[in-house]
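Below, each chain spelled out in residue letters.
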Amino acid sequence: MGAAELELGRVGRPHGVRGEVVLTLHTDRPERTAPGAVFHVGDRTLVLASARPHQGRWLVRFEGVTDREAAEELRGATLVGEPLDDPGEGRIWVHELVGDEVRDVHGHALGHVLEVEVNPAHDILVLEDGVLVPMVFVVDRRPGVLVIDPPEGLLDLDRT
């Protein structure tokens, strides 16, 4: 993944015999599901031919992927792409959170973000010690630091 590219989704299993695959998207941008949307997998460029919602994910077909065998070759691939624009006021690029220090509103250091798990309710910060913090508790972001305001006892439960 290039420095300016974002992880946009992961290809699952083939669906049917005409080249469709199940796709889990990590974006809420409708442009990413429009025909002609461009994704990258390594050195390969994939152009979206069609997409339709299916059970919380997407069934998609890429140009040139016309049968089940070609679709199977994409299974497990991570799709990346260029940012469409600035995330906007109050929005955060998920890939920028990895490595950030997490502090509570009282200034106590809680650890660093190891990864961000996609979750249907709220994405979840996974800290280096395994503590899970839903993104909904992030109240501020400064360069390299996330400030959270979790309900009392949430972090105590994770650390026992």
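Here we summarise the structure given alongside this text. As the structure is a prediction and not an experimental result, all values here were calculated from the model. (Residues numbered from 1 in each chain as written. Predicted model: local features only at pLDDT ≥ 70, side-chain atom pairs only at ≥ 80, totals over all residues. Heavy atoms only, no water.)

1. What about the nonpolar core?
In this structure, Val11, Phe39, Phe62 and Leu79 are the most contacted members of the largest nonpolar core, which totals 18 residues. At the level of secondary structure, the elements contributing two or more residues to this core comprise β1 (6-15), β2 (20-25), β4 (44-54), β5 (57-62) and α1 (68-74). In this structure, leucine 79 is in contact with Leu6, Glu7, Leu8, Gly9, Val11, Leu23, Phe39, His40, Val41, Leu46 and Phe62, ignoring residues within four places of it in sequence. Leu110, Val113, Val131 and Leu146 belong to the second-largest nonpolar core, a separate cluster that totals 14 residues. (Core = buried A, V, L, I, M, F, W, Y, C linked by side-chain atoms within 4.5 Å. Buried < 20%, exposed > 50% of the residue type's maximum accessible area, 1.4 Å probe, protein only. Helix = DSSP H or I, 4+ residues; strand = E, 2+ residues; numbered from the N terminus. Contact = heavy atoms within 4.5 Å.)

2. Considering unusual backbone geometry
With a phi angle near 50°, glutamine 55 is a residue other than glycine that sits in the positive phi range. Relative to the helices and strands, glutamine 55 is located in the loop between β4 and β5.

3. Details of the side chain of glutamate 101
If you trace the backbone, glutamate 101 turns up in strand β7 (residues 101-104). A distance of 3.3 Å separates polar atoms of two side chains, one belonging to glutamate 101 and the other to arginine 103. (Polar contact = N/O pair within 3.5 Å; in protein donor to acceptor, adjacent residues only side chain to side chain.)

4. Observations concerning the packing of aromatic side chains
Applying the stated criterion to the full structure yields one aromatic pair. Relative to phenylalanine 62, the ring of phenylalanine 39 lies with its centre 6.1 Å away and its plane at 80°, an arrangement referred to as edge-to-face. Remark: phenylalanine 62 occurs in strand β5 and phenylalanine 39 occurs in strand β3 (residues 38-41); sequence separation between them is 23 residues. By relative accessible area, which is 0% here, phenylalanine 39 ends up buried. Its relative accessible area of 0% is what places phenylalanine 62 among the buried residues. (Phe/Tyr/Trp six-rings, centres within 6.5 Å; stacked < 30°, edge-to-face > 60°.)

5. Some thoughts on the sheet that holds strand β10 (residues 132-134)
In space, the six strands of this open sheet follow the order β10-β9-β8-β7-β12-β11, with mixed pairing throughout. Of all strands in the sheet, those with a lone pairing partner are β10 and β11 (138-142), marking the two edges. Adjacent strand axes in the sheet meet at a mean angle of 35° when their direction is disregarded. Pairing between β7 and strand β12 (residues 145-148): four bridges, direction parallel. Along β12, the bridge assignment pairs aspartate 104 with isoleucine 148. (Pairing = 2+ DSSP bridges. Axes fitted to C-alpha atoms, helices over the stretch in contact; angles between N-to-C directions.)

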